[in-house]
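Each chain, written out:
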Amino acid sequence: MAETNDHSVANGALLFDPPSNLQNEAHVKSMQQYQKMYKQSIEDPETFWREISAQFYWKSPPTGKFFEYNFDVGKGPISIKWMAGAKTNICYNMLDRHIANGLGDKVAFYWEGNDPNDFGKVTYSELLARVCKFSNVLKNLGISRGDRVAIYMPMILDLSVAMLACARIGAIHSIVFAGYSSESLAERILDATCSAIITADGVWRGTKLLNLKKIVDDALKICDEKGHRVEKCVVVRHLSPSDEVVKTNVNGDIEEEPEACRPSRKLKINWQAGRDIWWHEMMTSVSTECEPEWMDAEDPLFMLYTSGSTGKPKGVLHTIGGYMLYTATTFKFVFDYQPEDVYWCTADVGWITGHSYVTYGPLGNGATGLIFEGTPFYPDAGRFWEIVDKYRVTKFYTAPTAIRALMKFGDDFVNKYKRDSLKILGTVGEPINPEAWLWYYRVVGNSKCAIVDTFWQTETGGHVLTPLPGATPTKPGSATFPFFGVIPALLTEEGKVIEGPGEGYLVFKQPWPSLMRTVYGNQERFETTYFKKFPGYYCTGDGAKRDEDGYIWITGRIDDMVNVSGHLLSTAEVESALITHKNVAEAASVSHPHSIKGECIYCFVTLKQGAEYTNDLVTELKNIVRAKIGPFAQPDFLQNAPALPKTRSGKIMRRILRKIAVGDRNLGDTSTLADESVIDVLFQNRPNNA
Ligand code: WTA
């Protein structure tokens, strides 16, 4: 359809109708149908989700109520339960169930390596065999139901195998993005008291070789020092050519690994006998069969750490039954899943998007997915589209930061490829600016694909605000309407509900199946963070506005969090890293707009008496943040702050720092400042590049 007649203007914003070819085959074909299903889902959630649950395998039904919750701190502990007492196994539902339905030979995952000549695939049956083998390995290592297992791995098929094997034996996985530093990894291992870790020797990301084993060694040393011994460290030999993983091309022919993919010998790794074990050695002697452990629907499936505004990461805990129902259902409707789809989500499995929409959501539907190890820019900025053509990807899901970065490289990198298989383009992680939305729609999607801007969080487990591709007319920059079972509300500071158009705190009124159950080991923090401010509601920490047509637009975080390239970080986390430097007396960091990352970190540092602010110091400070958190957290701007703007009670006024960071002298009310003279000094000290 020509671009000129597929959109109109509504209240000043462009409005795009669902592509008509997609609409014909879609599960939900119109707004009327969406509204009808939505109404049922919120008025009678039990019937709605009970019908969906019938598609899954349950060894036995719920023993109590299908759905129970308390959202009101005044009425006792916050609790959320779906299908409690029902027995199931999520790995069984992801693999065995589909194989029993004849999908054994269907490709579960294509794998595309960092090097374009390095690729492979695995069918559902092959994946099950590998998962069973690794389940047996875990059992042989003494890991059983309820144990926590840390996973620190690159984007390789063994990562999916590891997580599904944990799920099969009832162990709880705690995946840490393999870009976090050893200190961050140690902090997460300690919080969850993991008894084992699974990693790989190393990985190439673009032209960079990362020594993952070294990071894990350092993390385990920290754990040892703090009195927690991780007994076992399973290491995938990823960089060296291995007999165990035979790389094939898309047609299944075995291919010799090109020299380019054999950089292994350059990487030296240490080996601690007794603790460190090669994955491939353990896999040779185990059976390809493993009876799943039958779990309660409300048993934990995994924890995933997310930044908290106090600086200490929170272990967001998800349970088996509800998470399974919701990730599979959102995947089906939001990507309008069809059996012949080749679906690709570019997110790393180390983030929630990778948990829900690389692994569990697609597998829950028996879909064919793609796992990509590399970066969008290697060997060049056309890589995404090259992969889209190579596998004829139909549904594609990425982040606004990637879209903005690729936009800067120009349209030629996109136009070089056909991309004619694409039908739906998804985005997640941060607000997408209309300019990037339109580029995604027009250039990448040739004005023929539906764009789904999906708003959700680690805590929500799956999409909560999102268009449905065959039904929802979209507006660039709006996550549109709630998914089934989700009841959003906008509240004023005082907790008053805003009806109709307006702007406020985005909250949800009742749980859907995959809302987090608690913060691991800290129910109190769970309640304080999400339920104290507005009793009776789950509070997202995001602001949003509703327009005249009822569309919801996320305006961004309203707490002290910074969203750098879709990765949430707390300003407190960065500050506590900075003050570990011997010359730093105090530090304050704020969010600063960034044309590609969306937001970046801007730090103000106050030095101790006699210390000098030099370029070397700036480098050291950046390196401290890299080492303490990870390279992705490195501040873009640092400035010397002889003093910080504070209230008379000593509270740092971040609102003012945010203005100084962008050079905006419109400071608003400064009457509560203890000492106004610091402001001019801070404006003078802004770095030249800010
Ligand atoms: C932001 C990622 C606007 C938001 C799945 C949220 C978004 C935080 C969107 C969660 C979107 C995510 N539009 N903002 N479509 N998606 N966000 O936990 O601030 O890594 O609270 O989960 O990302 O980040 P998290």
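Everything quoted here is computed from the prediction, not taken from an experiment.

S.K.: Explain the packing of aromatic side chains here, please?
M.R.: We describe a pair of aromatic rings using the distance from one ring centre to the other and the angle between the two ring planes. According to the stated counting rule, one finds 60 aromatic pairs in the structure shown. Residues Phe177 and Phe632 carry aromatic rings whose centres are separated by 5.9 Å and whose planes lie at 65 degrees to one another, so their mutual orientation is edge-to-face. With Phe177 in the loop between strand 9 (172-175) and helix 8 (182-192) and Phe632 in the loop between helix 19 (615-628) and strand 32 (637-640), this residue pair connects regions lying 455 residues apart in the sequence. Accessibility assignment for this pair places Phe177 and Phe632 in one class, buried. Positioned above the aromatic ring of Tyr180 is the side chain of Arg188, whose terminal nitrogen or guanidinium carbon lies 4.2 Å from the ring centre. Taking the ring centre of Phe683 as reference, the NZ or CZ of Arg665 above it sits at 4.0 Å.

S.K.: Teacher, can you tell me more about the UniProt feature "domain: Acetyl-coenzyme A synthetase N-terminal" (unreviewed entry) in the chain here?
M.R.: Look at the UniProt record and you will see "domain: Acetyl-coenzyme A synthetase N-terminal" (unreviewed entry) annotated at residues 34-93. A distance of 27 Å separates the end C-alpha atoms of residues 34-93, which is 38% helix and 17% strand.

S.K.: Even after reading the chapter, I still don't get empty space enclosed by the protein, so can you show me in this structure?
M.R.: If you roll a probe as big as a water molecule over the atoms, it shows you where there is empty space left. Going through the model one piece at a time under the given rule, you end up with seven cavities of 30 Å³ or more. Of the pockets and cavities examined, the largest cavity occupies roughly 70 Å³. Lining of the largest cavity is provided by 13 residues; of these, Pro18, Pro19, Ala450, Ile451 and Thr474 occupy positions nearest its centre. Per-element accounting of the lining of the largest cavity gives the leading share, three residues, to strand 22 (residues 450-454). Taken together, the residues of the lining of the largest cavity sort by class into ten nonpolar, two polar and one charged.

S.K.: I tried to follow the site of the ligand on my own but got confused; where do I start?
M.R.: Every one of the 17 residues lining the ligand counts as a neighbour, but Asp453, Thr454, Thr458, Asp542 and Arg557 are closest to it. Between the ligand and the protein, one listed contact pairs a nitrogen atom with a backbone N or O atom of Gly429 at 3.1 Å. Note that a nitrogen atom of the ligand is positioned 2.7 Å from one of the side-chain N or O atoms of Asp453. Contact with the protein chains removes 96% of the 520 Å² of surface that the ligand exposes when unbound. Elements represented by at least two residues in the shell around the ligand include exactly helix 12 (352-364), strand 22 and strand 27 (552-557).

S.K.: Sorry if this is basic, but what is going on with the environment of Val428 here?
M.R.: For Val428, the position within the fold is in strand 21 (residues 424-428). You can call Val428 buried: its relative accessible area is 10%. Between the alpha carbons of Val428 and Asp453 there is a distance of 6.3 Å; along the sequence they are 25 residues apart. Discounting chain neighbours no more than four positions away, the residues touching Val428 are Thr353, Tyr397, Thr398, Ala399, Pro400, Thr454 and Trp456.

S.K.: Before we go on, may I ask you to explain the nonpolar core in this structure?
M.R.: Within soluble globular proteins, side chains that are nonpolar tend to cluster in buried spots. One finds Leu127, Phe134, Ile151, Ile197, Ile198, Trp279 and Phe484 to be the most contacted residues of the largest nonpolar core, which totals 176 residues. Top element by residues in this core is helix 7 (residues 157-169). It accounts for ten residues. By size, the runner-up hydrophobic cluster in this structure holds 34 residues, among which are Phe119, Phe384, Leu422 and Tyr441.

S.K.: Would you mind showing me how to read the environment of Tyr343 here?
M.R.: Along the chain, Tyr343 falls in strand 18 (residues 342-345). Between the C-alpha atoms of Tyr343 and Asp299, which are 44 residues apart in sequence, the distance is 29 Å. Within the local environment of Tyr343, its side chain forms a polar contact with the backbone oxygen of Tyr357, the two atoms lying 2.6 Å apart.

Analysis parameters
- Residues numbered from 1 in each chain as written.
- Predicted model: local features only at pLDDT ≥ 70, side-chain atom pairs only at ≥ 80, totals over all residues.
- Heavy atoms only, no water.
- Phe/Tyr/Trp six-rings, centres within 6.5 Å; stacked < 30°, edge-to-face > 60°.
- Helix = DSSP H or I, 4+ residues; strand = E, 2+ residues; numbered from the N terminus.
- Buried < 20%, exposed > 50% of the residue type's maximum accessible area, 1.4 Å probe, protein only.
- Lys NZ or Arg CZ within 6 Å of the ring centre and 35° of its normal.
- UniProt positions renumbered as here; feature names shortened; annotations may be inferred.
- 1 Å grid on protein atoms, 1.4 Å probe; cavity = no way out; pocket = protein on both sides within 12 Å on 5 of 7 lines; lining within 4 Å.
- Points joined across faces, edges and corners; volume = space filled by probe spheres on them.
- Nonpolar A, V, L, I, M, F, W, Y, C, P; charged D, E, K, R; others polar.
- Near = heavy atom within 4 Å.
- Polar contact = N/O pair within 3.5 Å; in protein donor to acceptor, adjacent residues only side chain to side chain.
- Areas by Shrake-Rupley, 256 points an atom, 1.4 Å probe, with all protein chains shown as cover.
- Contact = heavy atoms within 4.5 Å.
- Core = buried A, V, L, I, M, F, W, Y, C linked by side-chain atoms within 4.5 Å.

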